[in-house]
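# Breakdown of the fold
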Amino acid sequence: TDPNDLFNRKYYSSSVLGLVKLLKMEQAFMENFSMYANILQEKVDNLNIFLDALKRPNHITHNEREKFVSNPLNAFGLIRRLNQDWPKLQNYTQKPLGLVQLTAMQDIVSAAPESFDMNEKLKAMHRIETTYDLQPKDIAKGLLQRTEFNYNLSFRDCLSLAHHKFEIGEFKRSLLWFREALKLNADGSLDTMNRLQQIELKGFATAVAKRSIYLSNQALTNETIDNMVNSQLQDAKQMDLEQLISSELKQWINDDSTTPPTGHNLGCQGLFPKKSNLVCRYNSSTNAFLQLAPLKMEEVSRDPYIVLFHEMISDKEIEEMKGEITEMENGWTSLGDSKEIVSRVYWIRKESSFSKRINQRISDMTGFKLEEFPAIQLANFGVGGYFKPHYDYYTDRLKEVDVNNTLGDRIGSIIFYAGEVSQGGQTVFPDLKVAVEPKKGNALFWFNAFDDSSPDPRTLHSVCPVIVGSRWTITKWLHYAPQLFVKPCSPRFHKK
Ligand SMILES: O=C(O)CCC(=O)C(=O)O
Ligand SMILES: [Fe+2]
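Every value quoted in this text rests on a predicted model; they were computed, and no experiment measured them.

Our focus in this paragraph is the overall build of the protein chain. Each helix and strand in the protein chain was counted, giving 16 helices and 17 strands. Scored against the burial criterion, the 496 residues of the protein chain give a buried share of 29%. Considering only residue pairs separated by 6 or more positions, the protein chain has 73% of its internal contacts joining residues 24 or more positions apart.

Below is the structure:
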């Protein structure tokens, strides 16, 4: 497969479903690995039994040997063993063992996440750490925000995070993570450290040393730098490597790099002031049905209009939703962005009883007509999955996505929250200082445009990285053209 083909690339870390697959793969790998080890152990056990059986008195001198073979019983035994037993032993030693397990393991490894996936996960970890301003020492011991998890990162986990921060030029965080790694290896001498750990430590030290030499003389060629680093680190002990990494990173930390948090980050951290003048009410007016079953609405913002509907989709319907999915595609962090895959999405294009019901509900909620555009998008955001601040309307780009402009721009958006997210994953409107928790069952609706259909830039919005949970959403964009004759609310005009 083409490594640049991001659309079709096998990609696990963007959704909880993908990660569940990996967990199963890891289990299968472990089973095969341990079976393989058992089979080899059995062979070693057998070889030792044969060795014992082959033990003969040691004849040192020629005379002793001559005397031994002059006995007919000894002579017979000798010939028989060499003729009959040896080929069998030879066969046994050469017999390929554990082929089934080896093949199974090979298949699993070839389906394993590639470095692309690994890098996306590192980025996701970084995103969670920086968006919520979490400290490495807390993350390492399983403390995420105010919640303590019964899980600790390992030496290798911390080292790999430290290395990643170094690669992206975040030297302060790199050093903090490196210190966490060292803490986990506090009593670690070279012999208690395993091979894999040593290789990673040396790899990190090599990268750090290269940068250091490069900075000291930028005229050096890569080859010269490689040679210098190789000879510098050739006989380096673990202590030396640790020392080198710590002291170089310390030098590179640039303290005036503290930028103020963005509106998105503040929203994610729950730091927007509480709004007090908003109300909750029941809507029983958009159609007759609602008089029997009024909708529980919570105003989130009056201008632009944003409203949160409570208990709009049931657990049973959420199960039904998952049943609609065949294969999900990669989802990007914003329109036209091809660099980061942050979710998995699925379009229900052919109307199903499920999508019909959801469309009907949206019509009940908003008074909008949806017959002309019945498609519905489902999305699953895994841990670290997010959405950059963006607008839902296309304005000038509309021609690219809807050539004949039959539907018109996206004047309203509605998001049903359909997954368990215990931390993170809020929908944030940075300019309005609004952050909405993605509570399962609720649905968020807002207008993106004024009534004259001109875009309302205050509707800039984003999704906070999921910290804990599997964030499912049902998304519906409400287009302008079908609504021309529907007036859901009193007219709102662009204030000049
Ligand atoms: O999932 C959300 O909360 C918002 C998603 C979104 O903004 C979008 O899909 O355009
Ligand atoms: Fe959006």
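Moving on to the domain arrangement of the protein chain. Looking at the protein chain, the domain boundaries give domain 1 (16–110), domain 2 (134–256) and domain 3 (266–483). In this structure, domain 1 and domain 3 have C-alpha centres spaced 63 Å apart.

Turning next to the sheet that holds strand S15 (residues 461–463). Pairing is antiparallel in the open sheet, where four strands are placed in the order S9-S15-S12-S13. Either end of the sheet is taken by a strand with one partner, and the two such strands are strand S9 (387–390) and strand S13 (434–436). This sheet shows a mean twist of 15 degrees between the axes of neighbouring strands, independent of strand direction. Note that strand S12 (residues 427–429) and S13 share three bridges and pair antiparallel. For Val428, the partnering residue across the bridge sits in S13 and is Ala435.

Moving on, we come to the environment of His59. Along the chain, His59 falls in the loop between helix H1 (16–54) and helix H2 (62–69). For His59, the contacting residues outside a window of four places in its chain are Glu64, Arg65 and Phe68.

For the pair helix H7 (residues 155–167) and helix H9 (residues 195–216), the least separation of the axes is 10 Å and the interaxial angle reads 15 degrees. Comparing the axis directions of H7 and H9 gives the class roughly parallel. As H7 packs across H9, the resulting crossing turns out to be left-handed. On H9, the residues that touch Phe155, Arg156, Leu159, Ser160, Ala162, His163 and Phe166 of H7 are Leu196, Gln197, Glu200, Leu201, Phe204, Ala207 and Val208. Looking at the contact of H7 with H9 residue by residue, the classes come out as nine nonpolar, three polar and two charged.

Turning our eyes to something else, we now look at the nonpolar core. Formed by 82 residues in total, the largest nonpolar core has its most connected members in Cys158, Ala162, Phe309, Phe416, Ala443, Leu444 and Phe445. Ignoring anything within four residues of it in the chain, the contact list for Cys158 reads Ala140, Leu153, Trp177, Glu180, Ala181 and Leu184.

Time to look at the site of ligand 1. Neighbouring ligand 1 are the residues Phe387, Asp392, Ile415, Thr427, His461, Val463, Thr473 and Thr475. Among the secondary structure elements, those contributing two or more residues to the shell around ligand 1 are S15 and strand S17 (471–479). A breakdown of the residues in the shell around ligand 1 according to their chemical character gives three nonpolar, four polar and one charged.

This part is about the environment of His310. Examined against the element boundaries, His310 turns out to sit in the loop between strand S5 (306–309) and helix H14 (315–323). For His310, a count of 13 C-beta atoms within 10 Å puts it in the partly exposed group. When the C-alpha atoms of His310 and Leu407 are compared, they prove to be 29 Å apart, with 97 residues separating the residues in sequence.

Attention now moves to unusual backbone geometry. Cis geometry marks the peptide bond from Asp303 to Pro304; its omega dihedral reads 0 degrees. Here Pro304 is to be found in the loop between strand S4 (295–301) and S5. If you check the backbone angles, Gln145 has positive phi at about 55 degrees while not being a glycine. Mapped onto the fold, Gln145 is located in the loop between strand S1 (143–144) and strand S2 (147–148).

All right, on to the packing of H7 against helix H8 (residues 171–184) then. In contact at an axis separation of 8 Å, H7 and H8 are set at 165 degrees when each is read in the N-to-C sense. Judged by the inter-axis angle, H7 sits roughly antiparallel to H8. Crossing geometry of H7 relative to H8 is assigned as left-handed. Contact residues: Phe155, Cys158, Leu159, Leu161, Ala162, Lys165 and Phe166 in H7; Phe171, Arg173, Ser174, Trp177, Phe178, Glu180, Ala181 and Leu184 in H8.

Attention now goes to H7. In this model, H7 (13 residues) spans 18 Å end to end at C-alpha, consistent with the 18 Å of a helix rising 1.5 Å per residue. The element H7 is largely enclosed, with a buried count of ten among its 13 residues. Along H7, the residues that are buried comprise Phe155, Cys158, Leu159, Ser160, Leu161, Ala162, His163, His164, Lys165 and Phe166. Looking at the packing, one finds that the buried side of H7 touches helix H5 (115–131), helix H6 (136–140), H8, H9 and helix H11 (238–252). Immediately beyond the C-terminal end of H7, within one or two residues, lies Gly169, with a positive phi of roughly 80 degrees.

Thresholds applied
Residues numbered from 1 in each chain as written. Chains lettered and ligands numbered in written order. Predicted model: local features only at pLDDT ≥ 70, side-chain atom pairs only at ≥ 80, totals over all residues. Helix = DSSP H or I, 4+ residues; strand = E, 2+ residues; numbered from the N terminus. Buried ≥ 20, exposed ≤ 12 C-beta atoms within 10 Å, placed from the backbone. Contact = placed C-beta atoms within 7 Å. Domains from an automatic or database assignment. Pairing = 2+ DSSP bridges. Axes fitted to C-alpha atoms, helices over the stretch in contact; angles between N-to-C directions. Parallel < 35°, antiparallel > 145°, perpendicular 65-115°, else oblique. Left-handed = near helix turned anticlockwise from the far one by under 90°. Nonpolar A, V, L, I, M, F, W, Y, C, P; charged D, E, K, R; others polar. Core = buried A, V, L, I, M, F, W, Y, C linked by C-beta atoms within 7 Å. Near = placed C-beta within 6 Å. Expected span 1.5 Å × (residues − 1).

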